[in-house]
Number of protein chains: 2
Amino acid sequence: MSQASRLKQSIEDAVIAGEFQPGDRLDEASLAERFGVSRTPIREALLQLGAEGFIDVRPRRGAIVSVPSPTRLFEMFETMAEIESACGRLAARRLTPDNDAAMEAAHRACETAARAGDSEQYYADNRNFHEAIYRASRNSFLADQAFALHKRLSAYRRIQLRARNRLLQSLQEHAGILEAIRAGDEQLAATRLHDHVLVQGERFSDMVLGLSPGSQSPAESRRETAK
Amino acid sequence: MSQASRLKQSIEDAVIAGEFQPGDRLDEASLAERFGVSRTPIREALLQLGAEGFIDVRPRRGAIVSVPSPTRLFEMFETMAEIESACGRLAARRLTPDNDAAMEAAHRACETAARAGDSEQYYADNRNFHEAIYRASRNSFLADQAFALHKRLSAYRRIQLRARNRLLQSLQEHAGILEAIRAGDEQLAATRLHDHVLVQGERFSDMVLGLSPGSQSPAESRRETAK
DNA sequence: ATTTCTAATCTTGCATACAATCCATATATG
DNA sequence: CATATATGGATTGTATGCAAGATTAGAAAT
């Protein structure tokens, strides 16, 4: 495999692990030295990560780890909630024994971690549980989208899990989600997943956007993509 | 702006316009000559388009315009349906006069094109209508995701529109969608948008996947991302 | 002390050169 | 005749060099 691919993965991992924090500069020369390669493959890796939205590459001004505004962050979580809902809906419709078993196994692992109060372990097992749901949608394209967004949000998700110490609550929500999927109740599965991801974020999101049903409010729909 | 950015846009446009068809090779030397630049910015543009899923860059084997399998294509349309549903749901909840007016204008343009039987014009206006809905979700991140997927599917969507000559039917569905959004009926808006995008694709998708509710069927959930 | 202008330095963007791998054609062999 | 193998050509992957824009530090002026 090419160096650029490996580098892309390495840089992505470093960002996810929190080694590079949001706002940190990712200058090509330093990274090139660190990985013992020239700037070229570094550049290619950074541009790809930028295209995936993982980092922010500003023309002539270098790359930084994205610093989403609070509004943007809520938008990302809201989108995640919608995508996970969709996965849950399809999973409820199409569940196979294989996928059921995979979700069950992941859920049991979460249970163990939660009982032990191991936040870090729960974080990892939680990820597996959600990924099992993505796969259970039997739509690999949708699952890939879900994976990608999940990764982009991982830094903030971890904070959320820790801050609220909501391990046990999270676990119970997982149980409810599993139940709905197994019952084939698409609507319920979607709703529970949506709420699980967004928690109370939905109302908060509406609040941040300065909205109440039927009200007017300009707030231009800004777009960030550099064109 | 950098050359690579312009090139990326140019190549993307050429793919959307159908100048490069699915399966066509995009070799760096030819593109470099065509645009009068060196291979470097071409390479960067191709890698970015690859990261966005627009084209397929295979290590050491060059880039080609993606050729999704029928299964993959249905998955993409199904995902589009879910994302558009989400946009419609949020639009119904948060509709502002500005967004309402934008949708109305786009709808009128579609009406004119449909009455004139101008398939090409309808294609363009249809795009504007859907983009107006994305924006009406008041979630710019979700809207960006929707834009991106819409672009990736544009080639196939055009075929679909032409082949079925369903201009007038499409227009009526648009009217129904608008009505539901204006009524603030989230559920109805979501359902109508879903059906509009997928038409009868949902059942077909289930069929292709070899599924019926409760049945088992292995069919490993393959992943395409190069790691 | 604060602000503004200028210049030196640093970083990115692109071109070119070279190395490594892949592909196709042709040749050899069973 | 079919299959396997080798060799030459073509294409991608990486390194290096140079040019252009951006950032920072310092000096001058208010």
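Check the entry above for the structure.
Residues numbered from 1 in each chain as written. Chains lettered and ligands numbered in written order. Predicted model: local features only at pLDDT ≥ 70, side-chain atom pairs only at ≥ 80, totals over all residues. Heavy atoms only, no water.

A word on the protein's contact with DNA strand D
Looking at DNA strand D, there are 19 residues lining it, with Gln3, Ser38, Thr40 and Arg61 of chain A together with Arg43 of chain B nearest. Looking at DNA strand D alone, sugar and phosphate atoms form 65% of those within 4 Å of the protein. The separation between a base nitrogen of DNA strand D and a polar side-chain atom of Arg39 of chain B is 3.0 Å. Between DNA strand D and the protein, one listed contact pairs a phosphate oxygen with a side-chain N or O atom of Arg43 of chain B at 2.4 Å. Secondary-structure elements contributing two or more residues to the surface near DNA strand D are helix H1 (3-16) and helix H3 (39-51) of chain A together with helix H3 (39-51) of chain B. In terms of residue count, the dominant contributor to the surface near DNA strand D is H3 of chain A (4 residues). (Near = heavy atom within 4 Å. Polar contact = N/O pair within 3.5 Å; in protein donor to acceptor, adjacent residues only side chain to side chain. Helix = DSSP H or I, 4+ residues; strand = E, 2+ residues; numbered from the N terminus.)

Some remarks on the nonpolar core
Ranked by size, the top nonpolar core spans 41 residues in total, and within it Met103, Ile133, Leu153 and Ile181 of chain A carry the most contacts. Looking at this core, the element that brings in the most residues is helix H4 (residues 70-94) of chain A, giving 11 residues. Residues in contact with Ile133 of chain A, not counting those within four places in the same chain, are Cys87, Gly88, Ala91, Met103, Ile177, Ile181 and Leu193 of chain A. Judged by nonpolar contacts, the second largest core, of 40 residues, contains Ala81, Leu90, Ala106 and Ala114 of chain B. (Core = buried A, V, L, I, M, F, W, Y, C linked by side-chain atoms within 4.5 Å. Buried < 20%, exposed > 50% of the residue type's maximum accessible area, 1.4 Å probe, protein only. Contact = heavy atoms within 4.5 Å.)

Quick look at the environment of Gly176 of chain A
Residue and element names in this part refer to chain A. One can find Gly176 in helix H8 (residues 167-182). Judged by relative accessible area, Gly176 falls into the buried class, the value being 14%. Residues Gly176 and Leu193, 17 residues apart in the sequence, show an inter-C-alpha distance of 9.1 Å.

Some points on the packing of H3 of chain A against H3 of chain B
Following both chains from N to C, one finds H3 of chain A and H3 of chain B inclined at 40°, their axes separated by 8 Å at the closest point. Relative to H3 of chain B, the element H3 of chain A is oriented oblique. Crossing of H3 of chain A against H3 of chain B: the hand is right-handed. Contact with H3 of chain A, carried on its side by Arg43, Glu44, Leu47, Gln48 and Ala51 of chain A, involves Arg43, Glu44, Leu47, Gln48 and Ala51 of chain B of H3 of chain B and no other residues of that element. (Axes fitted to C-alpha atoms, helices over the stretch in contact; angles between N-to-C directions. Parallel < 35°, antiparallel > 145°, perpendicular 65-115°, else oblique. Left-handed = near helix turned anticlockwise from the far one by under 90°.)

Description of the protein's contact with DNA strand C
The full set close to DNA strand C counts 18 residues, and Arg43 of chain A together with Gln3, Ser38, Thr40 and Arg61 of chain B are the nearest of them. For DNA strand C, the backbone portion of the atoms within 4 Å of the protein, that is sugar and phosphate, comes to 70%. Between a phosphate oxygen of DNA strand C and a main-chain N or O atom of Glu28 of chain A, the distance comes to 3.4 Å. At 2.7 Å, a side-chain N or O of Ser38 of chain B approaches a phosphate oxygen of DNA strand C.

Here we look at the layout of surface pockets
Space left empty within the atom packing is revealed by a probe, the size of a water molecule, rolled over the atoms. In this structure, the second largest pocket occupies an estimated 460 Å³ of space. Arg89 and Gln187 of chain A together with Arg89, Gln187 and Ala190 of chain B are the residues nearest the centre of the second largest pocket, which is lined by 22 residues in total. Only H4 and helix H9 (186-198) of chain A together with helix H4 (70-94) and helix H9 (186-198) of chain B provide two or more residues apiece to the lining of the second largest pocket. For the lining of the second largest pocket, a count of residues per class yields 2 nonpolar, 8 polar and 12 charged. (1 Å grid on protein atoms, 1.4 Å probe; cavity = no way out; pocket = protein on both sides within 12 Å on 5 of 7 lines; lining within 4 Å. Points joined across faces, edges and corners; volume = space filled by probe spheres on them. Nonpolar A, V, L, I, M, F, W, Y, C, P; charged D, E, K, R; others polar.)

Points about the pattern of salt bridges
The tally for this structure, following the rule as stated, stands at 36 salt bridges over all chains. Across the pair Asp100 of chain A and Arg182 of chain A runs a salt bridge, and its minimum N-O distance is 2.8 Å. With Asp100 of chain A in helix H5 (residues 97-116) and Arg182 of chain A in helix H8, this residue pair connects regions lying 82 residues apart in the sequence. Three or more residues joined by partner-sharing salt bridges are found here, namely Glu28, Arg39 and Arg43 of chain A together with Glu44 of chain B. (Salt bridge = Lys/Arg side-chain N within 4 Å of Asp/Glu carboxyl O.)

Here's the deal with the packing of aromatic side chains
Residues and elements named next belong to chain A. Across all of its chains, the model carries 2 aromatic pairs over all chains by this definition. Relative to Phe147, the ring of Tyr134 lies with its centre 5.6 Å away and its plane at 85°, an arrangement referred to as edge-to-face. With a gap of 13 residues between them, Tyr134 in helix H6 (residues 119-136) and Phe147 in helix H7 (residues 140-164) connect regions that are remote in the sequence. On the basis of relative accessibility, which here comes to 7%, the residue Phe147 falls in the buried class. (Phe/Tyr/Trp six-rings, centres within 6.5 Å; stacked < 30°, edge-to-face > 60°.)

Regarding H4 of chain B
With 25 residues, H4 of chain B extends 36 Å between its outermost C-alpha atoms, agreeing within 8% with the 36 Å of an ideal straight helix rising 1.5 Å per residue. Counting buried residues along H4 of chain B, 22 of its 25 residues qualify, which places the element largely inside the surrounding structure. (Expected span 1.5 Å × (residues − 1).)

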